[in-house]
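Now for the letters of each chain:
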Amino acid sequence: MSSDRPSPPHRTDPLERALRIVARRLRAQRALDAAVLGAVAGAGIAALGLGLGRAHRLDAAAQTLSLGVAAALPLLFAALSALRPVSRLACAARLDRAFALRSRVAVAVDLAASGAADRSAFARAAVEDARDRLRAHPPHRAARWRWPRSAPWLLPLGAGLLLLAAMYVPLPPSPRSAAAARPEAPAIDATELEALEDAIRRLERRAAAAGMTPPPELQALRQLLEELRAGRIDRTRALARIAELLEAVEAQSRAHVVRATERALRAAAGSMREHDAMREAARALETPDARRAAEALRHAAEALRQRPPSRRELDGMRRALREAADRLQDAAQEAENERRLLQREASRAEADPEPDLLRERMRELERLRRDVEQREELRRRLERLRRELERSAEGLDSPDAASRALDAAAEAFESLHREGLTDAQREALRRLLEQLRESMRRGGADGGAEGQQGRHGRMRRFELRAGGSGEQGVPIALPGQAGTQGSTGRSSGQGGSSATGQQGEAGGGAERGPGSGSAQPTEEGQPVLVPDARGDSLLVIPGLERPGRGNGSEPQRAGSGSEPGTEHDPTMLDDPTRLGARHQASHVAGLPVGQGPTRRQVIFGAAQGGFATRSYERVYEEYAGHAEEVLERDQVPPGYRFYVRRYFELVRPRVQEAGTP
Amino acid sequence: MIEPAVQQAVQRLRDDVARLRAEVGRRLVGQAPVLDGVITCLLAGGHALLEGVPGVGKTMLVRALAQATGLRFSRIQFTPDLVPADILGTMVLAESERGARALEFRPGPVFAHVVLADEVNRATPKTQSALLEAMQEHAVTIGRTTHPLEEPYVVLATQNPLEMEGTYPLPEAQLDRFLLKLLVPLPDRAQMHEILDRTTGTEPPDPQPVLDRARILEMRRTVREVAVARHVQDYAIRIVEATRPQAPSAPESVRRFVRWGASPRGAQAVLLAAKVRAVLDGRYAVATEDVRETAKPALRHRLVPSFEAQAEGIEADRVLDDVLARVPETVD
């Protein structure tokens with residue numbers, strides 16, 4: 001069955017067919033050429049990008065961009081070339097050259113396009129002649145595949161690219177090179193190692209006294225000590241690991257307080273579970289979740305308002321609450337016992353007459369006091385909850401008061417939950433302090449970053465001379481060392497020392513009248529640098545420590561007070577105890593050192609070339625500038641502003657005068 | 001399918017020319033390109049300037065061609081004392097049988113179909129210019145009367161490139177009238193043997209006419225019908241343009257060695273000669289190859305060399321080679 005529809009011209013006309021085939025081949029070949037050219041260009045770009053990246057002239061994003069461009073270039077080039085049309089005359093010329101047709105095809109294409117073939121017999125004959133000739137030749141032979149002209153460039157460029165890429169792949173070190181790369185034994189002398197071991201022993205002793213299993217971090221610390229003795233780890237890494245481990249130990253200590261609280265709540269839940277109205281709250285306390293327990297108690301109170309309880313139910317509830325209060329009292333008593341034990345240990349540490357270990361003792365003392373405070377806090381918390389529950393139990397004398405009593409109990413649990421939040425904030429602050437201390441350690445070590453042991457030795461000798469105390473070389477970062485350094489422990493005759501690090505400036509002692517060392521609780525959340533009694537810089541986190549214990553207001557009576565201070569330095573312009581303003585924790589990032597508290601930075605800076613070196617100037621500018629920013633940003637009482645600015649005035653690096661050696 | 005009439009016309013033309021070549025070849029040894037050039041001029045209706053040293057067969061070629069085509073032939077030996085009347089003809093006083101006397105035109109040697117102007121550069125410019133009208137207009141004006149020349153009319157002029165003394169170089173205007181300038185080379189050794197064999201032995205028979213005047217005119221019409229594609233014509237134009245030193249497309253060699261380039265008549269010559277070439281090759285349209293191959297004989301005498309070219313002995317063909325190498329066949 002034949003169709004009346006005419007076939008497309010390119011199906012029947014050998015001239016059109018040949019032109020179409022050649023055009024398709026030419027475009028494909030051109031696209032291939034362009035793709036290879038793009039690949040060559042892309043390889044060049046990628047090599048350039050990787051090379052510059054290797055030379056640290058290009059960041060990672062730019063390198064990625066260069067690789068992306070390199071990958072996209074071949075496709076882009078190929079697409080552009082493939083889309084560019086191919087001239088019919090060029091295709092015809094290809095056919096003429098391939099089959100030696102002496103321009104027959106090109107002339108035929110031109111004549112057909114110009115319409116001459118319709119007017120002249122010879123033109124028609126020329127077109128037909130071209131068609132006849134093309135019938136005898138396969139058109140694809142006119143456009144044979146060939147290697148792209150740029151292909152030879154691909155090999156060297158690709159090889160170079162692979163070489164560069166291989167430089168990015170880290171190769172496993174050979175045993176010889178690994179041995180060569182092993183750090184040399186640290187130059188830690190025997191006194192440093194002894195101090196470290198002493199600290200570990202004390203930690204283990206304290207853990208045993210608190211009834212705690214020695215945490216695994218202590219085992220790791222002992223292992224670290226062995227590595228240091230064997231010289232398998234360098235000083236910087238050792239100090240970093242010490243800091244991490246000690247932080248973990250401290251976190252373990254905090255976890256002890258949390259666990260003790262949880263144990264107490266579970267004990268209280270056991271008593272409350274006996275009564276229907278408080279069963280849900282008991283379940284929440286077993287979790288333990290104080291907030292959910294408070295909600296459950298509120299729901300129970302609401303239910304009692306809807307349905308007043310009978311006298312018997314009231315008695316049951318009262319009994320349950322009292323039993324819960326008794327459980328909490330037992331837990332509070334246990335916390336108090338722990339606190340006393342730690343307090344005794346702290347007193348022994350305070351009375352240690354060993355002068356060489358003074359600073360180490362001070363740190364240990366600070367940490368013990370922190371533990372004491374934690375136990376005290378636990379006891380206080382549990383006691384308050386007990387009082388509230390007791391009060392609620394007493395209030396259960398009538399059906400109307402039952403709901404109010406449960407509301408009060410709910411409020412007590414809610415308060416406990418809120419205190420938990422405060423704990424979290426304090427924990428965050430403590431971590432902030434640790435980060436700052438770590439940064440400052442790193443900054444201090446930067447002065448000796450060359451890792452030359454001789455230099456470390458010189459710095460250590462200088463440090464010992466400057467401190468005048470012959471302290472242990474490795475600054476063991478015991479928990480709480482930075483936050484409580486303000487308490488000097490020398491209450492007698494000092495006019496009331498501040499427990500918060502604010503050094504009593506005018507407090508001359510018991511014989512000289514009222515001291516101005518104020519019992520000033522610092523503002524919560526605002527760490528400041530203050531000088532201590534020995535001239536060292538101490539970092540104090542206001543709000544982390546409890547208020548000062550002595551006010552120094554009675555000139556003839558020495559000793560530390562147990563209550564918050566009532567007076568302050570007359571130079572202060574505002575109420576120094578005013579708190580509640582908005583503050584934001586902030587710190588200055590230091591340089592990687594891995595050792596030493598704040599003062600270590602000063603010593604290293606001085607050791608580099610005098611007391612007012614460029615390094616110390618830079619450190620001072622960073623800290624002073626940051627302190628000024630904080631003072632401007634936060635609502636700091638003017639009295640605190642004075643002390644902070646006074647401190648930075650005192651530690652300002654002096655300009656070296658001409659002629660000064 | 002090619003129209004049979006066209007196919008036959010082309011085929012017949014090719015056959016006739018083949019017979020003509022064969023007939024001329026009975027007297028002429030070698031010189032096939034020159035013979036093709038002369039046949040091209042005959043079929044295209046143009047004139048040819050043959051340049052070669054004496055004794056290479058120029059006159060014999062022309063005479064044999066005239067004999068083979070059956071056309072009337074005349075030969076003019078140009079000398080310095082030749083006057084225009086010697087070639088054009090003159091009015092003579094003739095007396096009738098009744099004794100009446102009247103001026104009567106006696107045609108000169110230009111009144112022929114094939115005119116051999118031997119050593120045309122030895123005549124004075126006045127005499128050379130007398131040939132100008134005959135070559136261009138195919139007519140001769142004597143007094144107030146114009147005498148048309150009978151077609152086909154072909155002037156085949158020769159000149160000697162060596163003997164410059166006592167010669168008058170052809171003016172540019174007259175050179176432009178020649179369709180082609182053919183260089184007649186010396187025969188090679190094999191051809192020399194053949195020449196000697198033919199000319200020192202028995203006299204070979206004269207060529208016999210294989211064509212006639214009407215057939216030649218018909219062949220000329222066939223040639224004129226050969227198609228020319230636009231891009232081929234454009235190629236010819238671009239070549240001619242490139243011979244002009246003022247043209248932007250002119251190569252550096254043209255700017256240095258050419259004082260004046262080819263005129264539009266040069267493009268006509270190229271295309272006509274290309275048509276003849278195409279049809280003799282059995283094609284129905286001119287190819288770019290035809291244009292390229294006819295460009296040099298059609299243009300070499302139209303380039304006026306500069307002083308630098310004359311001083312350095314730069315031939316026109318060398319400049320044209322550069323032009324052909326630099327002008328692309330197609331422009332996208």
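Look up a bit, the structure's there.
Predicted model only: the values in this text are computed from it and were never measured.

Undergrad: Would you mind showing me how to read the overall build of chain B here?
TA: Helices and strands together make up the secondary structure of chain B, namely 14 helices and 13 strands. Counting only residues that meet the buried cut, chain B has 52% of its 332 residues in that class. For chain B, long-range pairs separated by at least 24 residues make up 76% of all intrachain contacts whose partners lie at least 6 apart in sequence. Within the structure as shown, chain B displays about 15,600 Å² of accessible surface, and the carbon and sulfur contribution to it stands at 52%.

Undergrad: Hey, could you run me through helix α7 (residues 121-135) of chain A in this one?
TA: What sets the pattern is the α-helix's 3.6 residues per turn: residues three or four places apart point alike. Residues and elements named next belong to chain A. When the terminal C-alpha atoms of α7 are compared, their 21 Å separation across 15 residues agrees well with the 21 Å that a helix rising 1.5 Å per residue should span. Taken together, the buried positions of α7 are Phe122, Ala123, Ala125, Ala126, Val127, Glu128, Asp129, Ala130 and Leu134. The N-cap residue of α7 is Ser120: its side-chain oxygen and the backbone nitrogen of Phe122 are 3.2 Å apart.

Undergrad: Before we go on, may I ask you to explain the sheet that holds strand β8 (residues 154-159) of chain B in this structure?
TA: Strand pairing in a sheet takes place through backbone hydrogen bonds and is either antiparallel or parallel in direction. Residues and elements named next belong to chain B. Strand order in the open sheet formed by five strands is β2-β5-β8-β1-β9, with parallel pairing between adjacent strands. Strands at the two margins of the open sheet, each flanked by one partner only, are β2 (73-77) and β9 (178-183). Sheet twist, expressed as the mean angle between neighbouring strand axes with direction ignored, is 15°. In this sheet, β9 lies alongside strand β1 (residues 47-51) in parallel orientation, the contact comprising five bridges. What sits directly across from Leu49, in β9, is Lys181. With respect to the sheet, helix α2 (residues 32-44) is in contact with β1, β8 and β9, its orientation differing from that of β9 by roughly 170°.

Undergrad: Would you explain the pairing of strand β5 (residues 114-118) of chain B in this entry?
TA: Put simply, side chains in a regular strand alternate between the two faces of the sheet. All names here are of chain B. The buried fraction of β5 amounts to five of the five residues, a majority that puts the element mostly inside the structure. Residue alternation in β5 divides its side chains into two sets, Val114, Leu116 and Asp118 and Val115 and Ala117, and both sets are buried. Two elements, β2 and β5, share five bridges in a ladder whose sense is parallel. Paired with Ile76 across the two strands is Ala117, which belongs to β5. One ladder, built from four bridges, connects β5 with β8; its direction is parallel.

Undergrad: Honestly, helix α12 (residues 288-299) of chain B in this entry has me stumped. Any pointers?
TA: Residues and elements named next belong to chain B. In a regular helix each residue adds 1.5 Å, so twelve residues correspond to 16 Å; α12 covers 16 Å between its end C-alpha atoms and thus fits that length. Among the twelve residues that make up α12, nine are buried, leaving the element largely enclosed by the rest of the structure. Those residues of α12 not exposed but buried are Thr288, Glu289, Asp290, Val291, Thr294, Ala295, Pro297, Ala298 and Leu299. Those residues of α12 hidden inside the fold are in contact with β9, α9 (230-242), α11 (264-280), β12 (285-286) and α14 (316-326).

Undergrad: Explain the side chain of Ser81 of chain A to me, please; I cannot follow it from the model alone.
TA: Residues and elements named next belong to chain A. Summarising the element assignment, Ser81 is placed in helix α3 (residues 60-83). By relative accessible area, which is 11% here, Ser81 ends up buried. Excluding residues that lie within four positions of it along the chain, Ser81 makes contacts with Arg30, Ala31 and Ala34.

Undergrad: So what exactly am I meant to see when it comes to the packing of helix α5 (residues 104-114) of chain A against α7 of chain A here?
TA: Between two packed helices, both the angle of their axes relative to each other and the distance between the axes serve to describe the pair. All names here are of chain A. Close contact between α5 and α7 brings their axes to 8 Å; oriented N to C, the two are set at 135°. With respect to each other, α5 and α7 are oriented oblique. Where α5 crosses over α7, the two elements pack in a sense that is left-handed. Mapping the contact onto sequence places Arg104, Val105, Ala108, Leu111 and Ala112 in α5 and Ala123, Ala126, Val127, Asp129, Ala130, Arg133 and Leu134 in α7.

Undergrad: Would you take a moment to explain the interface of chain B and chain A for this structure?
TA: In many reports, interface size means the accessible area that the parts give up when they come together. Listed as interface residues are 28 residues of chain B and, on the opposing side, 19 residues of chain A. On the surface where chain B and chain A come into contact, there are four salt bridges. In this structure, Asp281 of chain B and Arg102 of chain A form a salt bridge, with 3.3 Å as the shortest nitrogen-oxygen distance. Counting the contacts that link chain B with chain A gives six residue pairs in polar contact (both at pLDDT 80 or more). Where the side of chain B that touches chain A is concerned, the elements lending two or more residues are α1 (4-25), β10 (227-228), α9, β12 and α12 of chain B. Per-element accounting of the side of chain B that touches chain A gives the leading share, four residues, to α12 of chain B.

Undergrad: Can you help me understand the packing of α2 of chain B against helix α8 (residues 213-224) of chain B in this one?
TA: Residues and elements named next belong to chain B. In contact at an axis separation of 8 Å, α2 and α8 are set at 90° when each is read in the N-to-C sense. One element, α2, and the other, α8, form an angle in the roughly perpendicular class. Residues Cys41, Leu42, Leu43 and Ala44 of α2 pack against Ile216, Met219, Arg220, Val223 and Arg224 of α8. Looking at the contact of α2 with α8 residue by residue, the class counts come to seven nonpolar, no polar and two charged.

Undergrad: Looking at this structure, how should I read the nonpolar core?
TA: Side chains of nonpolar character tend, in soluble globular proteins, to be buried together. One finds Leu95 and Leu111 of chain A together with Leu43, Leu156, Ile239 and Val291 of chain B to be the most contacted residues of the largest nonpolar core, which totals 108 residues. Residue contributions to this core peak at eleven residues, all from α11 of chain B. If sequence neighbours within four positions are ignored, Leu43 of chain B has contacts with Leu13, Val17, Met219, Arg220, Val223, Val276 and Leu280 of chain B. Among the nonpolar cores identified, the runner-up in size contains 39 residues, and Ala294, Met317, Ala393 and Ala412 of chain A belong to it.

Undergrad: Honestly, unusual backbone geometry in this entry has me stumped. Any pointers?
TA: Outside of glycine, negative phi angles account for most residues, and trans bonds account for most peptide bonds. Across the junction of Glu151 of chain B and Pro152 of chain B, the peptide omega takes the value -10°, indicating a cis bond. With respect to the secondary-structure elements, Pro152 of chain B resides in the loop between β7 (145-148) and β8. With a phi angle near 50°, Arg102 of chain A is a residue other than glycine that sits in the positive phi range. Its location among the elements puts Arg102 of chain A in the loop between α4 (88-99) and α5. Look at His138 of chain B: it is not a glycine, yet its phi comes out positive at around 55°. Among the structural elements, His138 of chain B can be located in the loop between α5 (125-137) and β6 (139-142). According to the relative accessible area criterion, His138 of chain B is buried, its value standing at 13%.

Undergrad: I'm lost on the pattern of salt bridges in this one. Help?
TA: For side chains of opposite charge, pairing can occur when their charged atoms come near one another. Tallied over the full model, the rule gives 40 salt bridges over all chains. A salt bridge links Asp16 of chain B to Arg19 of chain B, with the shortest nitrogen-to-oxygen separation between them at 2.4 Å. Taken together, the residues Asp16 of chain B and Arg19 of chain B, both in helix α1 and three residues apart, mark about one turn of the helix. Residues joined in a network through salt bridges with shared partners are Arg102 of chain A together with Arg277, Asp281, Arg283, Asp290 and Glu293 of chain B.

Rules and cut-offs
- Residues numbered from 1 in each chain as written.
- Chains lettered and ligands numbered in written order.
- Predicted model: local features only at pLDDT ≥ 70, side-chain atom pairs only at ≥ 80, totals over all residues.
- Heavy atoms only, no water.
- Helix = DSSP H or I, 4+ residues; strand = E, 2+ residues; numbered from the N terminus.
- Buried < 20%, exposed > 50% of the residue type's maximum accessible area, 1.4 Å probe, protein only.
- Contact = heavy atoms within 4.5 Å.
- Areas by Shrake-Rupley, 256 points an atom, 1.4 Å probe, with all protein chains shown as cover.
- Expected span 1.5 Å × (residues − 1).
- Polar contact = N/O pair within 3.5 Å; in protein donor to acceptor, adjacent residues only side chain to side chain.
- Pairing = 2+ DSSP bridges.
- Axes fitted to C-alpha atoms, helices over the stretch in contact; angles between N-to-C directions.
- Parallel < 35°, antiparallel > 145°, perpendicular 65-115°, else oblique.
- Left-handed = near helix turned anticlockwise from the far one by under 90°.
- Salt bridge = Lys/Arg side-chain N within 4 Å of Asp/Glu carboxyl O.
- Nonpolar A, V, L, I, M, F, W, Y, C, P; charged D, E, K, R; others polar.
- Core = buried A, V, L, I, M, F, W, Y, C linked by side-chain atoms within 4.5 Å.

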